Amino acid sequence: MRGSKTETPGNAGAGTFGRRGFLAATGVILGSAVLASKVKVANALPVSPITDGAQLPILVIGSGYGGAVAALRLASAGQQVAIVEKGMSWSAPGSDGKIFCNMLNPDGRSFWLRTKTSQPVSYFMGAPYDKTIPSYTGVLDAEQFSQIRIYQGRGVGGGSLVNGGMAVTPKQQYFGSILPSVDPAEMYNTYYPRANANLKVNNVDQTWFESASCYQFARVGRKTAQASGFTTTFVPNVYDFNYMKQELANTAPRSALNAEVIYGNNYGKNSLDKTYLAAAVATGKVTITPQHVVTKVAPAAGTGYTVTMNQIDTSGNTVATKTVTAQKVFFAAGSVGTSKLLVTQKATGALPNLPSSVGTGWGNNGNVMVARQNQAWDATGSLQATIPVMGIDNWADSGGRAFAEISPFPAGIETFASLYLAITDNPNRATFSYNSGTGGVDLNWQQAWNGAGITAAKRIFDPINAKQATIYRTDLFGLYKTWGDDFAYHPLGGCVLNQSTDNYGRLQSYPGLYVIDGSLIPGNTTVNPFVTITALAERNIENIIANDFK
Ligand code: FAE
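The sections below set out a description of the structure shown in this document. Computed from a predicted model, the values in this text were never measured in an experiment.

## Concerning helix α9 (residues 451–468)
Residues that lie three or four places apart on an α-helix share one face, since the helix turns once every 3.6 residues. Here α9 contains 18 residues, and its C-alpha end-to-end distance of 24 Å stays within 8% of the 26 Å for a straight helix at 1.5 Å per residue. Here α9 has its buried residues at Gly 453, Ile 454, Ala 456, Ala 457, Ile 460, Phe 461, Ile 464, Asn 465 and Gln 468. In the core, the buried residues of α9 are packed alongside α5 (216–227), β12 (368–373), β13 (390–394), β14 (402–407), β15 (417–424) and β18 (471–472). Looking one or two places after α9, you find Ala 469, whose phi comes out positive at around 55 degrees.

Okay, here's the thing in structure tokens:
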């Protein structure tokens, strides 16, 4: 093992830019409330470098929802578990005293190994406002495939570090379309409640919501939707709403109210490092090794599997290559990460007997983004909580099913814009394939396939615009471009349950190999996905522990 020091965010890439924000290019200076109070560093999860040549009972690849559930439940059942994670352990503050940067002042901590940000809303008033940043192993990856870029969290906690925290249990009536081989009764009686409790899901205080200035955007989104006859619904979240109340009252440092979310929240959010992973580590049986990228899994000479990984520094350079042997391996690298690993192992002959369905069934949860320009009397507010709490539910519309999250647009100024992330019933599915020329993995998703999602979303927003006499914004996703249809937040599938695995995530041709993340879900969850990913992982690991650890 060479140079195995595990790095922390430290100063690299942090605080490189001043407090001029993403609208600076348009000449607008942002005025955001900055609390002078002393910054409290989050409780760090302990990390330990994995040893080259280690013999392990269980290795978990990835520390997002699936990996965190697997680790907690296996450790609680008495098993020793090692987690390896590609991203960093986000536990040490940068030179500005904060662990994460916010959306108005992105620095190296924002993106995974990019020299320029790749923001979902990347234009404003027709001007691009992505900005130059130092290349660093930042927390949000915008992974570019030929016709789609897929946003994913990188770090101990996976997507929980960067997501909006919307913790939505799908309506039971639609569950059969999400996971047809899973018994809805067991999910709704046992595993969804278990997931919600362990994720610390909570609800906004509706009385407070009605007057909170930071949710004016949501109230306007609700009003305009309801005026056109649409149903709106409050959406639970893992962000601690009591903490947010203190933010608004200026009695606690601001996070959701300081434009923090997709590059991480410094306070307030119950990400996995504070829930499942903290509980897993508390068992004393779980080790976490960040900054290690698994590249190969193959049967070992004796029993179990050899797993090869590159230890990387904060520039993404390999500083050591290690091989360990594990009796059982859980793939929890996320829909994209697990799919890429599996199609590569099959194509390169490391795991040749994986089923040919591996890599198929990938969908974007129907994601499309859009914004409307409200009338002058419908201001959306210059202070917007980054945590969404409301959605427009039009899934019952068989002409085009959609659930649209009323998203914040935390620009720090009044924009009069209502932004939405629509989850639609887009039936298109793509396939990952190994590219022997590049040694990488391609995804054949076509941008035009998002036409189905746009059609469904228009069934909500065309009527709202007609009723309100308002228009779509065309300056946020490009020059004269209405739809954010070239990216996704919700990758799902690629190793579909009961197709590429058995009905509990076992890769049957290789006993001891399991998949336990969003790659199991065939492309759509009708709502935001992480509660379903967590609940399915809870269900599957219970069966695996009961049957494979006798
Ligand atoms: P994930 O959480 O992505 O974890 C996989 C982990 O594996 C990551 O930490 C990777 O760095 C790591 N990894 C990948 N490859 C390797 C490798 N080769 N070796 C070692 N480690 C590896 O997977 N969902 C919601 O339900 N509500 C929301 O409000 C919401 N908002 C979102 C906002 C954004 C900006 C984004 C990007 C996503 C959002 N999501 C939301 C999606 C949600 O975060 C995502 O579905 C889950 O994180 C997926 O969970 P997995 O366990 O599958």
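## Details of the sheet that holds strand β6 (residues 149–153)
A sheet is described by the order of its strands in space; here three strands give the open sequence β5-β6-β19, paired in mixed fashion. Two strands in the sheet have a free side with no partner beyond their single neighbour: β5 (140–144) and β19 (487–488). When β6 meets β19, the two strands line up parallel, connected through two bridges. Each bridged residue has a counterpart across the sheet, and for Ile 150 the counterpart in β19 is Ala 488.

## A word on the packing of aromatic side chains
Across all of its chains, the model carries 24 aromatic pairs by this definition. With centroids separated by 4.2 Å and ring planes inclined at 40 degrees, the aromatic side chains of Tyr 420 and Phe 461 adopt a geometry described as tilted. Of this pair, Tyr 420 sits in strand β15 while Phe 461 sits in helix α9, placing them 41 residues apart in sequence. Phe 461 shares its class with Tyr 420; the two are buried. Linked through ring pairs, Phe 145, Trp 362, Phe 432, Trp 445 and Trp 449 together constitute an aromatic cluster.

## Describing the site of the ligand
Close to the ligand lie 37 residues, the nearest being Glu 85, Gly 159, Met 166, Gly 518 and Phe 530. Within the backbone of Gly 66, one N or O atom sits 3.0 Å away from an oxygen atom of the ligand. Contact distances for the ligand include 2.8 Å between an oxygen atom and a backbone N or O atom of Gly 518. Starting from 1,000 Å² of accessible surface for the ligand in isolation, the protein chains cover 95%. Among the secondary structure elements, those contributing two or more residues to the shell around the ligand are α1 (65–76), β6, β9 (292–299), α8 (334–347) and α10 (530–548). When its residues are assigned to classes, the shell around the ligand shows 16 nonpolar, 17 polar and four charged.

## Regarding the pairing of β5
Of all five residues in β5, four are buried; the element is thus mostly enclosed. Summarising the sheet, β5 and β6 pair through five bridges and their orientation is antiparallel. Considered in β6, the bridge of Leu 140 is made with Gly 153. The turn joining β5 and β6, which pair antiparallel and follow one another in sequence, is formed by four residues.

## What about the environment of Thr 470?
Here Thr 470 lies in the loop between α9 and β18. Considered as a pair, Thr 470 and Gln 375 are 95 residues apart in the sequence and their alpha carbons are 6.6 Å apart. The contacts of Thr 470, once residues within four sequence positions are left out, are Arg 372, Gln 373, Asn 374, Gln 375, Ile 464 and Asn 465. A polar side-chain atom of Thr 470 sits 2.7 Å from a polar atom in the side chain of Asn 465.

Reading the values: rules and limits
Residues numbered from 1 in each chain as written. Predicted model: local features only at pLDDT ≥ 70, side-chain atom pairs only at ≥ 80, totals over all residues. Heavy atoms only, no water. Helix = DSSP H or I, 4+ residues; strand = E, 2+ residues; numbered from the N terminus. Expected span 1.5 Å × (residues − 1). Buried < 20%, exposed > 50% of the residue type's maximum accessible area, 1.4 Å probe, protein only. Contact = heavy atoms within 4.5 Å. Pairing = 2+ DSSP bridges. Phe/Tyr/Trp six-rings, centres within 6.5 Å; stacked < 30°, edge-to-face > 60°. Near = heavy atom within 4 Å. Polar contact = N/O pair within 3.5 Å; in protein donor to acceptor, adjacent residues only side chain to side chain. Areas by Shrake-Rupley, 256 points an atom, 1.4 Å probe, with all protein chains shown as cover. Nonpolar A, V, L, I, M, F, W, Y, C, P; charged D, E, K, R; others polar.

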